[in-house]
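So the chains spell out like this:
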Amino acid sequence: MTNILVTHADEPIGRRVIKNLYHDPDVEVIFALGSGPPPRKFDAYLAGSDPRVTYTRLDLAKHRPVRDLFHSIPFRSAEIDTAVYVPRHGAGASPAAAPLVGGLSERTAESRLLLQHCLETRTIRNLVAIGSAFVYRLPPGNANHLSEDSELNLDPNVMPEIRAWIDCDMIFHSEVHSERLRVVLLRVPTVVAAGGYVYLHPSLAGRPGSRVRALGFDPICALVSDKDVARAVRAAIKTPVSGIFNIAGGEVVPLSLLARWTGHWSIPVPGPLLGMLDAAERVLGIDSRLGAGGGAQLRYGFTLDTERAAAELGFRPQYRIGLARAGDGALRLETASV
Amino acid sequence: MSEIELPTPIEETANPLTSPGRALGRDPFADLSDPDPFEEQLDRLEARRANLAVTQHRARKPVANAATTKRLNVKPATRPKTPGKSAPTAKTTAGTAARTEDDLPNRDNLARLSQRRWSTTPPLADIELPPAKGLADRLLNADERRVLAALAHLVEGDAPYDRFGYSPEAMKTAFPFFHALYRFYFRVQSEGHEHIADEGPVVLAGNHGGLLPFDAAMAIIDVALHTDPPRLVRSVVDRWAGTLPWINIFFARVGQVVGTRENFTKLLNDGQSLLVFPEGIDGMRKTIAHRYRLQNFRVGFIEHALRARAPIVPVAFIGSDDQSPILFDLKPLARKMGIPVAPITPTFPWFGPLGLLPYPVSYRIIYGEPLRYHERFGPDAADDSRLVRYLANQVRRTVQLLIDRHRQ
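Residues numbered from 1 in each chain as written. Chains lettered and ligands numbered in written order. Predicted model: local features only at pLDDT ≥ 70, side-chain atom pairs only at ≥ 80, totals over all residues.

A. Here's a closer look at the overall build of chain B. Secondary structure summary: chain B contains 14 helices and nine strands in total. For chain B, long-range pairs separated by at least 24 residues make up 77% of all intrachain contacts whose partners lie at least 6 apart in sequence. (Helix = DSSP H or I, 4+ residues; strand = E, 2+ residues; numbered from the N terminus. Contact = placed C-beta atoms within 7 Å.)

In structure tokens, the structure reads:
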């Protein structure tokens with residue numbers, strides 16, 4: 001039996017992971033952390049005198065609350081053996097200019113603190129983290145195939161959000177060969193959920209609205225369903241391997257099509273203007289995602305090599321992504337089991 | 001050691017080792033005092049095979065271990081080796097399988113080793129002729145429309161794009177236009193299609209010429225029309241092309257890919273056919289005085305072909321160097337503008353962008369016999385830089401001989 005800690009459980013991917021784990025007979029206790037109140041969907045999980053799910057509100061980026069949690073009696077008595085790091089990604093996530101915590105971005109601070117406490121807590125033996133596939137350096141081209149061995153984007157001018165992902169990635173990567181803790185890092189591309197919600201894409205995440213795109217470029221975007229991400233997390237918990245794995249679904253679409261599917265309307269802007277727009281946003285402190293960093297992700301696309309995940313985690317995508325007619329007759333982005 | 005002959009893609013009269021190509025000049029390996037890297041590699045392979053045989057004999061002697069026997073018969077799940085990078089790379093701690101007999105090149109196990117998931121099209125006989133819609137379809141005859149319909153099967157299910165951005169719809173739009181160029185403008189004649197296998201990975205290596213890559217476009221049309229099941233040749237384009245607005249989209253939608261290591265590996269592992277121009281940009285910027293004289297070949301395609309166990313088909317394009325003859329290449333200007341070539345041709349820049357259009361030259365495409373280096377060397381040979389350079393020179397010489405022979 002496994003006892004699992006899940007971070008940011010109140011956000012969409014976190015909720016999906018909790019739901020998937022809740023129905024797993026091998027999981028005994030789920031310790032869910034979130035920054036907001038428990039989602040309404042958790043009412044069923046939290047009901048009863050001795051629920052399997054415990055929900056705690058916590059700011060994971062701050063040292064003292066995290067330390068207090070890991071030394072608390074309820075946490076110790078739960079005997080957590082696996083931690084699942086789901087990054088902040090929902091509507092509340094501050095994207096481009098992530099708040100600084102002690103000089104670090106929020107995401108970096110969270111991953112650092114979580115890893116540190118996992119290493120210090122004797123009972124925790126496994127750490128599964130969700131990272132982003134936007135950490136890779138994108139070579140010029142409409143669609144590039146990237147494997148886990150591809151280079152990371154260490155360009156100093158990379159946009160802050162991607163920089164935070166890279167820092168987070170490298171923090172977990174540093175312990176991949178640890179004998180004390182089994183670390184699995186899942187690099188996921190744009191995550192699509194039913195209803196047309198898109199997460200973890202540097203320029204499309206968030207509420208529908210206007211976005212800019214590079215004129216003359218329409219990069220291919222790799223997609224994965226949120227349900228497949230939850231399945232990959234479950235596979236990583238159960239399979240005794242550590243390392244870094246690309247997780248992606250079967251569909252790829254151009255950025256313009258994805259923007260249309262998700263209700264965004266995109267404004268094509270010539271390449272040189274993109275950089276200026278981004279610089280102006282930074283100077284003025286605007287967090288509109290209009291410039292979207294002006295980075296390579298608006299020009300160059302990528303797809304992911306998932307053979308390692310298939311071979312070692314046994315993960316293959318099961319959900320297809322596409323437009324489907326919803327109950328009200330409107331076409332919406334949906335995910336459906338194959 | 002048994003005597004192994006070098007591949008002889010050209011007729012006996014033109015021995016690539018003894019008679020240097022006309023345009024290549026002296027054979028760089030003809031008078032080397034060092035041992036031949038080709039022979040050295042063969043010696044090493046023989047020695048390894050002998051050592052392995054002794055080891056297996058010792059291992060089997062005490063008891064007939066079923067697990068050992070089984071392991072020897074199973075191809076270990078290994079990933080292709082990649083050169084070291086400064087950036088962090090991922091490694092898994094799952095156990096790595098021991099080196100086995102299968103790692104050695106052996107004709108008997110080649111077929112089993114090469115059993116991968118191919119991305120293939122159905123035979124033309126199985127294709128139901130789609131109804132003609134629009135002007136584009138009416139420009140093609142029934143067989144050509146069947147070819148186009150077959151190429152749509154390269155994407156999985158009803159997906160609009162494949163993993164490299166190839167779109168059957170875009171191909172359907174572009175094909176009639178390039179087919180008209182193929183038939184009426186460049187009047188392409190070709191021979192040697194039988195050297196392109198019906199399935200499995202293959203690397204077509206040819207000479208590059210002309211300011212715009214019509215040689216690649218003609219090869220794509222030619223191979224698609226002359227293979228059954230039709231094969232879509234994926235032309236490997238320079239990274240610079242990936243930075244060009246609109247052009248990068250067009251290239252991707254008609255199946256072209258940027259030449260990165262991962263793209264190469266994935267496509268060959270999927271059993272696709274790649275067209276490479278190992279001269280790179282140097283082939284494009286040849287002046288009229290150097291036309292049909294091959295520049296230095298890059299070696300990456302040899303490494304990938306060895307790792308993916310793909311044959312290399314030498315291809316000679318005759319006509320491409322005449323389509324836009326470059327009188328001068330203003331290199332300082334090109335460097336300043338950040339472009340690979342700043343050409344002066346009889347029509348460019350005098351007629352503006354229209355001056356870049358190719359002249360209506362007649363094209364000839366000749367496919368040589370495949371060079372099956374992968375059958376002689378294992379995937380590890382890709383790490384031997386001297387051997388790889390040697391093999392690249394062999395391919396270069398073969399292409400040059402094809403050009404020289406067919407230009408006469």
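B. Representation of the overall build of chain A in the model. Helix and strand content of chain A: ten helices and 19 strands. In terms of overall size, chain A behaves like a compact globule, its C-alpha atoms giving a radius of gyration of 19 Å where 338 residues would be expected to give roughly 20 Å. Counting only C-alpha atoms and orienting by the principal axes, one finds that chain A spans roughly 60 × 45 × 40 Å. For chain A, the residues scored as buried account for 55% of the 338 residues in total. Sequence separation of at least 24 residues holds for 76% of the intrachain contacts in chain A that already meet a minimum separation of 6. (Rg over C-alpha atoms; globule rule 2.2 N^0.38 Å. Buried ≥ 20, exposed ≤ 12 C-beta atoms within 10 Å, placed from the backbone.)

C. Here's a closer look at the nonpolar core. All names here are of chain A. By size, the foremost hydrophobic cluster in this structure holds 174 residues, and its most contacted members are Val6 and Leu186. Excluding residues within four positions of it along the chain, leucine 186 makes contact with Val128, Ile130, Gly131, Ala232, Val233, Ala236, Phe245 and Ile247. Listed in part, the five residues of the second largest apolar core include Val212, Phe217, Leu274 and Leu298. (Core = buried A, V, L, I, M, F, W, Y, C linked by C-beta atoms within 7 Å.)

D. Here's a closer look at the sheet that holds strand β9 (residues 182-188) of chain A. Residue and element names in this part refer to chain A. Taken together, seven strands build an open sheet; the order of strands is β3-β2-β1-β4-β7-β9-β14 and the sheet is parallel. The two strands at the open ends of the sheet, each matched to only one other strand, are β3 (53-57) and β14 (243-246). Between one strand and the next, the sheet's axes are offset by a mean angle of 15 degrees, whatever the strand orientation. Of the strands in this sheet, β1 (2-6), β2 (27-34), β3 and β4 (82-85) are in contact with helix α1 (residues 12-22), which crosses β2 at around 165 degrees. (Pairing = 2+ DSSP bridges. Axes fitted to C-alpha atoms, helices over the stretch in contact; angles between N-to-C directions.)

E. Helix α11 (residues 300-308) of chain B, seen in detail. Residue and element names in this part refer to chain B. When you tally the buried positions in α11, you get eight out of nine residues, the bulk of the element. Buried within α11 are the following residues: Phe301, Ile302, Glu303, His304, Ala305, Leu306, Arg307 and Ala308. Where α11 is buried, its residues touch β2 (202-206), α9 (261-269), β5 (273-276), β6 (312-318), α13 (373-376) and α14 (385-407). Directly after α11, the chain includes arginine 309, whose backbone phi takes a positive value near 55 degrees.

F. Structural view of the packing of helix α5 (residues 106-120) of chain A against helix α6 (residues 160-173) of chain A. Residues and elements named next belong to chain A. Interaxial distance between α5 and α6 falls to 8 Å at its minimum, and their mutual angle equals 10 degrees. Between α5 and α6, the interaxial angle falls into the category roughly parallel. Relative to α6, α5 is oriented so that their crossing is right-handed. Of α6, the residues touching α5 (which contributes Arg107, Thr108, Ser111, Arg112 and Leu115) are Ala164, Asp167, Cys168, Ile171 and Phe172. Here the contact of α5 with α6 is composed, by residue class, of five nonpolar, two polar and three charged. (Parallel < 35°, antiparallel > 145°, perpendicular 65-115°, else oblique. Left-handed = near helix turned anticlockwise from the far one by under 90°. Nonpolar A, V, L, I, M, F, W, Y, C, P; charged D, E, K, R; others polar.)

G. Structural view of the interface of chain B and chain A. Listed as interface residues are 30 residues of chain B and, on the opposing side, 36 residues of chain A. The set of elements that each furnish at least two residues to the side of chain B that touches chain A consists of α8 (247-253) and α9 of chain B. The residue inventory of the side of chain B that touches chain A, partitioned by class, reads 13 nonpolar, ten polar and seven charged.

H. Layout of the confidence of the model for chain B. Residues and elements named next belong to chain B. Confidence in the prediction of chain B, expressed as mean pLDDT, is 78, and 71% of residues score 70 or more. Counting interchain partners and residues more than four positions distant, the pLDDT-below-50 stretch residues 1-32 has 41 contacts. Considering only residues more than four positions removed or in separate chains, one finds that residues 56-118, a stretch of pLDDT under 50, has 67 contacts. As scored by the predictor, the complex reaches a pTM of 0.81 and an ipTM of 0.88. (pLDDT = per-residue confidence, 0-100.)

I. A look at the sheet that holds β2 of chain B. As summarised here, the arrangement of the seven strands in space is β1-β9-β6-β2-β5-β3-β4 (chain B), forming an open sheet in which the pairing is mixed. The sheet is open, and its two edges are formed by β1 (189-191) and β4 (257-258) of chain B, each paired on a single side.

J. Spotlight on the packing of helix α5 (residues 142-151) of chain B against helix α6 (residues 168-185) of chain B. All names here are of chain B. Interhelical geometry of α5 versus α6 gives an angle of 150 degrees and a closest axis separation of 10 Å. The orientation of α5 relative to α6 falls into the category roughly antiparallel. Handedness of the crossing formed by α5 with α6: right-handed. The segment α5 lies against α6, with Glu144, Leu148 and Leu151 engaging Pro168, Met171, Lys172, Phe175 and His179. Of the residues in the contact of α5 with α6, the class split is five nonpolar, one polar and two charged.

K. Region of the structure containing helix α7 (residues 226-238) of chain A. All names here are of chain A. Compared with an ideal rise of 1.5 Å per residue, which puts 13 residues at 18 Å, α7 spans 19 Å between its outermost C-alpha atoms and is within 8% of the ideal. Counting buried residues along α7, twelve of its 13 residues qualify, which places the element largely inside the surrounding structure. When α7 is considered as a whole, its buried residues turn out to be Asp226, Lys227, Asp228, Val229, Ala230, Arg231, Ala232, Val233, Arg234, Ala235, Ala236 and Ile237. (Expected span 1.5 Å × (residues − 1).)

L. Molecular detail of unusual backbone geometry. Between aspartate 228 of chain B and proline 229 of chain B the backbone carries a cis peptide bond, its omega angle lying at 5 degrees. With respect to the helices and strands, proline 229 of chain B occurs in the loop between α7 (214-226) and β3 (233-237). The omega torsion of the bond from phenylalanine 348 of chain B to proline 349 of chain B falls at 5 degrees, within 30 degrees of zero and hence cis. Residue placement: proline 349 of chain B occurs in the loop between β8 (343-344) and β9 (364-367). One non-glycine residue, histidine 8 of chain A, lies in the positive phi region at around 45 degrees. Positionally, histidine 8 of chain A belongs in the loop between β1 and α1. One non-glycine residue, arginine 309 of chain B, lies in positive phi territory at about 55 degrees.

M. Seen up close, the pairing of strand β12 (residues 210-214) of chain A. Residue and element names in this part refer to chain A. Of all five residues making up β12, four are buried, and the element is well covered by its neighbours. Taken together, the five bridges between β12 and strand β16 (residues 265-269) define a ladder with parallel strand orientation. Its bridge partner being in β16, valine 212 is matched across the sheet by isoleucine 267.

N. Geometry of the pairing of β9 of chain B. Residues and elements named next belong to chain B. Side-chain alternation along β9 places Arg364 and Ile366 on one buried face and Ile365 and Tyr367 on a second face that is also buried. The pairing of β1 with β9 spans three bridges and is classified as parallel. Paired with glutamate 191 across the strands is isoleucine 366, a residue of β9. Strand direction decides the pairing type here: β6 and β9, joined by four bridges, are antiparallel. Within β9, the position partnered with alanine 316 by the bridge is isoleucine 366.

O. Up close: the environment of glycine 200 of chain B. Note on placement: glycine 200 of chain B falls in the loop between β1 and β2. Taking the C-alpha atoms as reference points, glycine 200 of chain B and aspartate 270 of chain B, separated by 70 residues in sequence, lie 7.9 Å from one another.

P. A look at the environment of isoleucine 162 of chain A. Looking at the secondary structure, you find isoleucine 162 of chain A in helix α6. Excluding residues within four positions of it along the chain, isoleucine 162 of chain A makes contact with Phe134, Val135, Asn153, Pro202 and Gly295 of chain A.

Q. Quick look at the environment of alanine 342 of chain B. Residue and element names in this part refer to chain B. Along the chain, alanine 342 falls in the loop between α12 (331-337) and β8. Separated by 14 residues in sequence, alanine 342 and leucine 356 place their C-alpha atoms 11 Å apart. What alanine 342 contacts, discounting residues up to four positions off in sequence, is Asp329, Leu330, Leu333, Ala334 and Met337.

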